[in-house]
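This is what each chain is made of:
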Amino acid sequence: MTDAHPLPTKTIRIGRQPDNDIALTEDLQVSRHHAELRRNPAGGFEIVDLGSHVGTYVNGERITHKVLTEQDIISIGHATFRLSGGELRQYADEGPGTWPAITGAHEVVAAYWAAAEARDWDAFGALLADDVIYRGPQTREQVRGRDAYIRFNVEGFRYDWHLTVQRIVGEGQRAASWIEFTGPESTQPGLCFFDLADDGKIALITDFWPEPYELPASRAHLVERY
């Protein structure tokens, strides 16, 4: 289900406080005044983050401000919006794992990274095929199955990390993404390739990082070697 908000002549403010035009009062991940949707002089629209704590995301990429195009997906806390047909459509939070209808590999991968950054493992799992396979060729580690792969992400990276999507390229049932991954000690780029099943779920993930590394002992029990 969705709620439709007509696009503004000037500005729509989104946040947790009741005085916002779109008030997400029950979502503690949303800042009091989180973001604004503004009409620019050219007649288009842009979303502007107002210094929020957890960020504003467009198609899975954290932004400070971004000009929007038709069908862009905007994520603020647990709320998801899509710019469509002259309206900002808010998709009702029907429980964990709820996402708007996703039609292409680019959108699937954007939603995958947005869910990972939000630690929304139910939404993350909803994007995966039951028999998804994850492979890291540099360490020859492999994880099979949705539950095992979620556990790999939850238990294998027990430190404060964040990711920023730099670019996603997708066509048909395949996509590639370039992200910046920030851990306790450094930030490094990562390149990830995705293959989708016929139903649009992610079936194969192949992960590359620029520096050679050994399989960390902290996650050795979560993988098999190939």
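Before reading on, note that the structure itself is shown above.
Given the structure is predicted, the values throughout are model-derived calculations rather than measurements.

The rules behind these values
Residues numbered from 1 in each chain as written. Predicted model: local features only at pLDDT ≥ 70, side-chain atom pairs only at ≥ 80, totals over all residues. Heavy atoms only, no water. Salt bridge = Lys/Arg side-chain N within 4 Å of Asp/Glu carboxyl O. Helix = DSSP H or I, 4+ residues; strand = E, 2+ residues; numbered from the N terminus. Phe/Tyr/Trp six-rings, centres within 6.5 Å; stacked < 30°, edge-to-face > 60°. Lys NZ or Arg CZ within 6 Å of the ring centre and 35° of its normal. Pairing = 2+ DSSP bridges. Contact = heavy atoms within 4.5 Å. Axes fitted to C-alpha atoms, helices over the stretch in contact; angles between N-to-C directions. Buried < 20%, exposed > 50% of the residue type's maximum accessible area, 1.4 Å probe, protein only.

(A) Region of interest: the pattern of salt bridges. Throughout the structure, instances matching the rule amount to seven salt bridges. The shortest N-O distance in the salt bridge between Arg-174 and Asp-195 comes to 3.1 Å. With a gap of 21 residues between them, Arg-174 in strand E15 (residues 174–182) and Asp-195 in strand E16 (residues 187–196) connect regions that are remote in the sequence.

(B) Geometry of the packing of aromatic side chains. Within this structure, the stated rule accounts for 14 aromatic pairs. With a centroid separation of 6.3 Å and an interplanar angle of 75°, the aromatic rings of Phe-157 and Tyr-159 are classed as edge-to-face. Among the aromatic side chains, those forming a connected cluster through ring pairs are Tyr-112, Trp-113, Trp-121, Phe-124, Tyr-134, Tyr-149, Phe-152, Phe-157, Tyr-159 and Phe-194. Lying over the aromatic face of Trp-161, Arg-119 brings its terminal NZ or CZ to 3.6 Å of the ring centre. The lysine or arginine in question, Arg-135, covers the ring of Tyr-226, its NZ or CZ lying 5.6 Å from the ring centre.

(C) Spatial organisation of the sheet that holds E16. Pairing is mixed across the open sheet formed by seven strands, whose spatial order is E14-E15-E16-E17-E12-E13-E18. The open sheet terminates on both sides in strands that have one partner only, identified here as strand E14 (162–171) and strand E18 (224–225). Pairing of strand E12 (residues 128–136) with strand E17 (residues 202–208) involves four bridges; the strand directions are parallel. Residue pairing across strands places Leu-128 opposite Ile-202, the latter belonging to E17. Where helix H1 (residues 105–117) meets the sheet, its contacts fall on E12, E14, E15, E16 and E17, and the angle it forms with E14 comes to roughly 170°. In this fold helix H3 (residues 146–155) packs onto E12, strand E13 (141–144) and E17, with an angle of close to 50° to the strand it touches most, E12.

(D) Main features of unusual backbone geometry. One non-glycine residue, Arg-119, lies in the positive phi region at around 55°. One can find Arg-119 in the loop between H1 and helix H2 (121–126). The class for Arg-119 is partly exposed, based on a relative accessible area of 29%. If you check the backbone angles, Arg-140 has positive phi at about 55° while not being a glycine. Within the fold, Arg-140 resides in the loop between E12 and E13.

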